[in-house]
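# Coordinate inspection notes
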Amino acid sequence: MTTAKETAAVDRARIKDIVCDILEIEPDELTDTSLFKEEHEADSMAAIEILSQLERAFGVDIDQAELSRMVHLDGIVAVVTDALTTPAA
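Scope of this entry: the structure provided in the associated data block.

On to the overall build of the chain. For the chain, the count of helices and strands is four helices and zero strands. From first element to last, N terminus to C terminus, the chain shows the α and β order α-α-α-α. Counting only carbon and sulfur atoms, one obtains 52% of the accessible surface of the chain, whose full area is about 5,900 Å².

As structure tokens, this is what we get:
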């Protein structure tokens, strides 16, 4: 049986893989707090694609208003965690 901490680590790794793939960067270039737009030249289309891929990968709905929180890996992990723990309306 896996613990919540192990699950969170796996989810973070999946999220990082998705972000790196879309931004076309190597995983070692992406830190928990590196800013996508400023440090990795992400544009609004990349942000929408990240959101869409996360919804598919985790089977959740994420409101586009959450994009304002999704500026770095820690922000995305928080948004996905919230989506996974909040019951669907």
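Now that the structure has been shown, we can carry on.
Further remarks concern the pattern of salt bridges. Enumeration over the complete set of coordinates arrives at four salt bridges. The partner of Arg 12 in a salt bridge is Asp 32, with the nearest N and O atoms 3.2 Å apart. Residue Arg 12 is found in helix H1 (residues 4–23), and its partner Asp 32 is found in the loop between H1 and helix H2 (36–40); the two are separated by 20 residues along the sequence. What makes Asp 32 partly exposed here is its relative accessible area of 37%. Its salt-bridge partner being Asp 74, residue Arg 12 comes within 3.1 Å of it at the nearest N-O pair. With Arg 12 in helix H1 and Asp 74 in helix H4 (residues 73–85), this residue pair connects regions lying 62 residues apart in the sequence. On the basis of relative accessibility, which here comes to 26%, the residue Arg 12 falls in the partly exposed class. For Asp 74, a relative accessible area of 30% corresponds to the partly exposed category. Through salt bridges with shared partners, one network takes in Arg 12, Asp 32 and Asp 74.

The rules behind the values
- Each residue is numbered by its place in its chain's sequence as written, counting from 1.
- The predicted origin of the model limits local features to residues at a pLDDT of at least 70 and limits the giving and counting of side-chain atom pairs to 80 or more, whereas totals for whole chains, interfaces and linings rest on all residues.
- Derived side-chain values reflect all non-hydrogen atoms in the structure, with water molecules and hydrogen atoms excluded from consideration.
- Helix numbers and strand numbers start at the N terminus; a helix is a DSSP run of H or I with at least 4 residues, a strand a run of E with at least 2.
- Under the convention used here, a 1.4 Å probe and the Shrake-Rupley method define accessible areas, while residue burial counts only the protein chains that appear.
- Salt-bridge detection follows one rule: a side-chain nitrogen of Lys or Arg within 4 Å of a carboxyl oxygen of Asp or Glu.
- Throughout this description, buried means an accessible area under 20% of the type-specific maximum (1.4 Å probe, protein chains only), exposed means over 50%, and partly exposed covers the range between.

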